[in-house]
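# Examining the three-dimensional arrangement
Okay, here's what each chain looks like letter by letter:
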Amino acid sequence: MTIRLSNIHLSLDEEEATLPEKTAQVLKVLPEHIQECKIVKKSLDARRKNRIHFVYAIELSLPPEEGKKVIQEAPAGLQIEEVLGQPIPAPVIIKRKPACRPVILGTGPAGLFAALKLCQSGLPPLILERGKEVPERVKDVERFWSDGTLDPESNVQFGEGGAGTFSDGKLFTRLHDPRVSTILNIFSRFGAPAEILYLQKPHIGTDRLRRVIMAMRHYLEEQGAEFNFQTKMTGLKIIRDHLQGIVVNDQKEIAASLLLLAPGNSARDTFQMLFQAGVAMEGKPLAIGLRVEHPQRLIDRIQYGPSAGHPRLPPAEYQLTFRSSRGRAVYSFCMCPGGAVIAASSENQGLVTNGMSLFQRNSPLANSALVVSVGLDDFGGKEPLAGLEFQRRWERKAFLAGGGTFWAPAQGLLDFLQGRDPSSLRKTSFKPGLTPARLEECLPAFVVESLREALPHFNRKMPGFSSAEAMLIGVETCTSAPLRILRGEDFQSLSVRGLYPIGEGSGYAGGIISSALDGRKGAEAYLKTLGVSRV
Ligand SMILES: Cc1cc2nc3c(=O)[nH]c(=O)nc-3n(C[C@H](O)[C@H](O)[C@H](O)COP(=O)(O)OP(=O)(O)OC[C@H]3O[C@@H](n4cnc5c(N)ncnc54)[C@H](O)[C@@H]3O)c2cc1C
């Protein structure tokens, strides 16, 4: 029988290989009775700096009698439960075949996981993607980072894998949905390391993620899905509130009665087109701010104290929150230990920062976004496209402040805090380069004021955070979609039948896993309309 045991601790100096032996001692069973021992959860407890340790949950196979005895006589303080086998899912049966082939827009996590679900149900879709395949896209992005030449259709936001391709690849979500473990299993099946299945905060890095995404495409193609790259949706054909077709590249029309729409949060021209086509949408609050970059060893020292530098410790992370005197939320977002600050623009004349890392997280620098909440009243109420124009306005200011060549404006954190002119800049990971600038000129006054109020507080929480070793880089504007494409309980647009807005860009997710989850749920909702007996 299989039992799950939680709350097993290992010190930094204890080898993971000792887990079965240690467990046998705790449970008072013979080590040879443990037939299998699998880690199902692993987290780091660094709350007490003099007692940093790992915490595990494991699953063990024991002979039935031994297992029952262990559960009945569990020592106090140990959480033990029997693991029951999962029922084998019944096969999917589609009762009605759709008139047209289903279409998916976008190859980000939402689009890819919707495609996997449709293929699994015997309905391989047509997939439209404005950007290029990973290898060509990587070349375009490398060129942008080296000389500032932006391709507005092939960049950090647009192309195979969506925004996730150049991401930090943090694969966790706060959502509790049984599909999350299915999604992680799928990532693992396509090449993500097995540890993502049990780490509390799984991370894969942009290098591994690129390979996983290409492996998913090859599999989907084998299942009959058809990928069309450099194919941008530029119009919709809607007749009597029903989707009839999709115009691509301003030329060709594709007959379609279903579109799973997963455009990501930066497809501003697409949002404008959808708005003009009468698709119901509304403005959504957002957050903007700056990226902060520190030496990783400083963050390690702050977070790990005397244990900093221990070979078993990963580069340290942090999460900071603050409520300003005017009620604004100020918080760190998308923290990238051992990573790089990157230029993530998709529009000419607009500078957007973000963060990424490799699987190894071995850069000497740590970064995160420090952002301030922005409400609808800050940019003109519920008018659907107002948030998008607000983002653009500050991205343009940052672009100009950086010199108009995609060099980013930057300032030492203390200079920003004290309103001083920028002095010399520290070593950075940002490419193509940084221009010393007064960052207060690249952000609304209320954002500057809130950040200046929050930074001393952050320094109290993490002494050394607001120090001469920290540098700020501007501006971080694309933390979420600036609008929501309205949909009903059935996932269909409130104004166009057959249109299923999904993922981050449609306003229903934020992050790789939640977007993948929303994509899968969107596909399930569509399958229900076909009379599927199990989805
Ligand atoms: C640098 C960076 C780092 C990140 N790090 C993390 C992280 O560590 N963890 C995490 O959870 N999240 C991270 N994110 C966020 C995450 O990548 C997104 O939440 C996620 O990719 C959203 O998925 P999506 O499928 O909804 O949209 P996207 O991934 O944005 O995909 C949308 C796709 O649609 C395509 N498209 C848009 N318009 C059209 C059109 N008109 N016609 C055809 N195709 C179109 C785009 O080209 C794009 O490929 C990061 C994002 C960035 C930019």
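Thresholds, definitions, all that
- Residues numbered from 1 in each chain as written.
- Predicted model: local features only at pLDDT ≥ 70, side-chain atom pairs only at ≥ 80, totals over all residues.
- Heavy atoms only, no water.
- Helix = DSSP H or I, 4+ residues; strand = E, 2+ residues; numbered from the N terminus.
- Rg over C-alpha atoms; globule rule 2.2 N^0.38 Å.
- Buried < 20%, exposed > 50% of the residue type's maximum accessible area, 1.4 Å probe, protein only.
- Areas by Shrake-Rupley, 256 points an atom, 1.4 Å probe, with all protein chains shown as cover.
- Lys, Arg positive; Asp, Glu negative; His and termini not counted.
- Charge placed at Lys NZ, Arg CZ, Asp CG, Glu CD.
- Arc of directions from axis to C-beta.
- Contact = heavy atoms within 4.5 Å.
- Phe/Tyr/Trp six-rings, centres within 6.5 Å; stacked < 30°, edge-to-face > 60°.
- Lys NZ or Arg CZ within 6 Å of the ring centre and 35° of its normal.
- Pairing = 2+ DSSP bridges.
- Axes fitted to C-alpha atoms, helices over the stretch in contact; angles between N-to-C directions.
- Salt bridge = Lys/Arg side-chain N within 4 Å of Asp/Glu carboxyl O.
- Polar contact = N/O pair within 3.5 Å; in protein donor to acceptor, adjacent residues only side chain to side chain.
- Domains from an automatic or database assignment.
- Buried area = accessible area lost by both parts, 1.4 Å probe.
- Parallel < 35°, antiparallel > 145°, perpendicular 65-115°, else oblique.
- Left-handed = near helix turned anticlockwise from the far one by under 90°.
- Nonpolar A, V, L, I, M, F, W, Y, C, P; charged D, E, K, R; others polar.

## Here we look at the overall build of the protein chain
- Scanning the protein chain for helices and strands turns up twelve helices and 23 strands.
- In terms of C-alpha radius of gyration, the protein chain reaches 25 Å, essentially the compact-globule figure of 24 Å for 535 residues.
- A buried classification covers 57% of the 535 residues belonging to the protein chain.
- Per element, the accessible surface of the protein chain, about 22,900 Å² overall, is 51% carbon and sulfur.
- When the 65 positive and 57 negative side-chain charges of the protein chain are each reduced to one mean point, those points stand 2 Å apart.

## What to know about helix α2 (residues 64-72)
- Here α2 has its buried residues at Glu66, Gly67 and Val70. Angularly, the buried residues of α2 cover 100 degrees about the axis, an arc narrow enough to put them on a single face. For α2, the exposed residues lying more than 90 degrees away from the buried face are Glu65 and Gln72.
- Tucked inside the fold, the buried residues of α2 contact β1 (2-11), α1 (19-27) and β4 (79-82).

## Topic: the packing of aromatic side chains
- This model, assessed by the stated rule, comprises eleven aromatic pairs.
- Taking 6.4 Å as the distance between ring centres and 70 degrees as the angle between the ring planes, the aromatic pair formed by Phe390 and Trp394 counts as edge-to-face. Separated by four residues within a single helix, Phe390 and Trp394 lie in helix α9 (residues 386-401), roughly one turn from each other. The residues Phe390 and Trp394 share a single accessibility class, namely buried.
- Every member of this aromatic cluster is reached through a ring pair, and the members are Phe144, Phe399 and Phe406.
- It is Arg208 that lies over the ring of Phe359; its NZ or CZ is 4.3 Å from the centre.

## A short note on the sheet that holds strand β13 (residues 286-295)
- Taken together, the seven strands give an open sheet; going across it, the order is β14-β15-β18-β13-β21-β19-β20, and neighbouring strands pair in mixed fashion. Strands with a single pairing partner mark the edges of an open sheet, and in this sheet they are β14 (321-323) and β20 (434-436). Mean inter-strand twist for the sheet, computed between neighbouring axes without regard to direction, equals 30 degrees.
- Sitting on the sheet, helix α8 (residues 296-304) is in contact with β13 and β18 (365-374), with an inclination near 95 degrees to β13.
- Those strands touched by α9 are β13, β18, β19 (408-412), β20 and β21 (471-476), and its axis lies near 35 degrees from that of β13.

## Observations regarding the pattern of salt bridges
- Under the criterion given, the structure shown has 38 salt bridges.
- Residues Lys201 and Glu317 are paired through a salt bridge, measuring 3.5 Å at the closest nitrogen-oxygen approach. Pair noted here: Lys201 is in the loop between α5 (179-189) and α6 (205-222) and Glu317 is in the loop between α8 and β14, with a separation of 116 residues, a long-range link.
- Of the charged contacts, one joins Glu253 and Lys237 as a salt bridge, the two residues approaching to 3.4 Å between their closest N and O atoms. Taken together, the residues span a long stretch of sequence, with Glu253 in strand β10 (residues 252-255) and Lys237 in strand β8 (residues 233-239) at a distance of 16 residues.
- Judged by its relative accessible area of 44%, Glu253 is partly exposed.
- Beyond isolated ion pairs, a larger network of salt bridges with shared partners links Asp168, Lys170, Lys201, Glu317 and Arg361.

## A look at the environment of Thr173
- Along the chain, the position of Thr173 falls in the loop between α4 (134-147) and α5.
- We classify Thr173 as partly exposed; its relative accessible area is 26%.
- Setting aside residues no more than four positions away along its own chain, Thr173 makes contact with Val180, Ile513 and Ser514.
- A distance of 3.0 Å separates a polar atom in the side chain of Thr173 from the backbone nitrogen of Leu175.

## A short note on the domain arrangement of the protein chain
- Here the protein chain is partitioned into domain 1 (2-82), domain 2 (103-282 + 485-529) and domain 3 (285-476).
- For domain 1 and domain 3, the distance between their C-alpha centroids amounts to 40 Å.
- Note on domain 1 versus domain 3: buried area summed over both sides is about 780 Å², and carbon and sulfur give 58% of it.
- In this assembly, domain 1 and domain 3 are joined by one salt bridge.
- In this structure, the salt-bridge partner of Arg312 is Glu15, at a minimum N-O distance of 3.2 Å.
- Between domain 1 and domain 3 we count five residue pairs in polar contact (both at pLDDT 80 or more) in total.

## Digging into the packing of helix α7 (residues 268-276) against α9
- Following both chains from N to C, one finds α7 and α9 inclined at 150 degrees, their axes separated by 11 Å at the closest point. Taken together, α7 and α9 sit at an angle that is classed as roughly antiparallel. Crossing hand, α7 versus α9: left-handed. Contact residues: α7 offers Arg268, Phe271 and Gln272, while α9 offers Leu388, Glu389, Gln391, Arg392 and Glu395.
- By residue class, the composition of the contact of α7 with α9 is two nonpolar, two polar and four charged.

## Overview of the sheet that holds strand β11 (residues 259-261)
- Spatially, the five strands line up as an open sheet ordered β7-β6-β5-β11-β23, and their pairing is parallel. Of all the strands in the sheet, just β7 (226-228) and β23 (499-501) have a single pairing partner and so form its edges. Along the sheet, successive strands turn relative to each other by an average axial angle of 20 degrees, direction set aside.
- Sheet analysis places strand β6 (residues 126-128) next to β7, joined by three bridges and oriented parallel. Counterpart to Leu126 in the pairing with β7 is Glu226.

## Digging into unusual backbone geometry
- Look at the link from Lys431 to Pro432: it is a cis peptide, with omega at 10 degrees.
- Along the chain, Pro432 turns up in the loop between α10 (413-417) and β20.
- Cis geometry marks the peptide bond from Gly474 to Val475; its omega dihedral reads -10 degrees.
- If you trace the backbone, Val475 turns up in strand β21.

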